[in-house]
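Fold and contact review
Residues per chain are reported as follows:
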Amino acid sequence: MTNQIKLNVLSGLERRYGRVHKLAGSQSLFAVGDGALRVYFRYSSVHNDSKTFYGLRQEDLRQLEGHPAVICFLWNNQEEPLYLPYADYE
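Summary of the structure given here. All values reported here derive from a predicted model rather than from experimental measurement. (Residues numbered from 1 in each chain as written. Predicted model: local features only at pLDDT ≥ 70, side-chain atom pairs only at ≥ 80, totals over all residues. Heavy atoms only, no water.)

As for the overall build of the protein chain
Looking only at helices and strands, the protein chain features three helices and five strands. For the protein chain, the α and β elements follow one another from N to C terminus as α-β-β-β-α-β-β-α. Expressed along its principal axes, the backbone C-alpha trace of the protein chain runs to roughly 40 × 30 × 25 Å. Looking at the protein chain as a whole, 37% of its 90 residues qualify as buried. In the protein chain, once contacts between residues fewer than 6 apart in sequence are set aside, the share between residues at least 24 apart is 44%. For the protein chain, the accessible area works out to roughly 5900 Å², and carbon and sulfur atoms hold 47% of it. Taking the average location of the 10 positive side-chain charges in the protein chain and that of its 10 negative ones, the two points are 6 Å from each other. (Helix = DSSP H or I, 4+ residues; strand = E, 2+ residues; numbered from the N terminus. Buried < 20%, exposed > 50% of the residue type's maximum accessible area, 1.4 Å probe, protein only. Contact = heavy atoms within 4.5 Å. Areas by Shrake-Rupley, 256 points an atom, 1.4 Å probe, with all protein chains shown as cover. Lys, Arg positive; Asp, Glu negative; His and termini not counted. Charge placed at Lys NZ, Arg CZ, Asp CG, Glu CD.)

Here's what the structure looks like:
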């Protein structure tokens, strides 16, 4: 399920904004539209009491610094991805 949700989001981004490609050294970092935006995907299952957990890797976060970027939170059975601008996270 995780991969399918991410693939659906990536496909939608590519239709709207152009080429999407994975950044080196991570399974979760992608560049959109020739580097106009970086997207960091994080996934969690919904656990007991409707709780989720998202681990953020320091080395992935470093690759967002100095770039327009969003963190995309995904979970099972969601209707829309949740995007958090990296600048808001910082």
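Some thoughts on the nonpolar core
One finds Ile5, Val9, Leu10, Leu13, Val20, Phe30, Val32, Val39, Phe41, Val70, Cys72 and Leu74 forming the largest nonpolar core, which totals 12 residues. Listed by contribution, the elements that provide at least two residues to this core are helix H1 (2–17), strand E2 (29–32), strand E3 (37–44) and strand E4 (69–75). At four residues, the largest contribution of residues to this core is made by H1. In this structure, Cys72 is in contact with Val9, Val39, Tyr40, Phe41, Arg42, Pro81, Leu82 and Tyr83, ignoring residues within four places of it in sequence. In this structure, Tyr40, Leu61, Leu64 and Tyr86 belong to the second largest nonpolar core, which totals 11 residues. (Core = buried A, V, L, I, M, F, W, Y, C linked by side-chain atoms within 4.5 Å.)

Some remarks on the sheet that holds strand E1 (residues 20–22)
Adjacent strands of a sheet form backbone hydrogen bonds with each other and so pair up, either parallel or antiparallel. A sheet is described by the order of its strands in space; here five strands give the open sequence E1-E2-E3-E4-E5, paired in mixed fashion. This sheet does not close on itself; its edge strands, each paired only once, are E1 and strand E5 (82–85). The sheet shows a mean angle of 30 degrees between the axes of neighbouring strands, taken without regard to direction. (Pairing = 2+ DSSP bridges. Axes fitted to C-alpha atoms, helices over the stretch in contact; angles between N-to-C directions.)

Side note on the packing of aromatic side chains
For any pair of aromatic rings, the description rests on two quantities: the centre-to-centre distance and the angle between the ring planes. One pass over the full model with this rule turns up two aromatic pairs. Taking 5.6 Å as the distance between ring centres and 85 degrees as the angle between the ring planes, the aromatic pair formed by Phe30 and Phe41 counts as edge-to-face. You can see Phe30 sitting in strand E2 and its partner Phe41 sitting in strand E3, a full 11 residues away along the chain. Comparing Phe30 with Phe41, the two get one shared label, buried. (Phe/Tyr/Trp six-rings, centres within 6.5 Å; stacked < 30°, edge-to-face > 60°.)

What about the pattern of salt bridges?
Going through the model one piece at a time under the given rule, you end up with two salt bridges. Here Arg57 makes a salt bridge to Asp60, at a shortest N to O gap of 2.8 Å. On the accessibility criterion, Arg57 (35% relative accessible area) is partly exposed. Through salt bridges with shared partners, one network takes in Arg57, Glu59 and Asp60. (Salt bridge = Lys/Arg side-chain N within 4 Å of Asp/Glu carboxyl O.)

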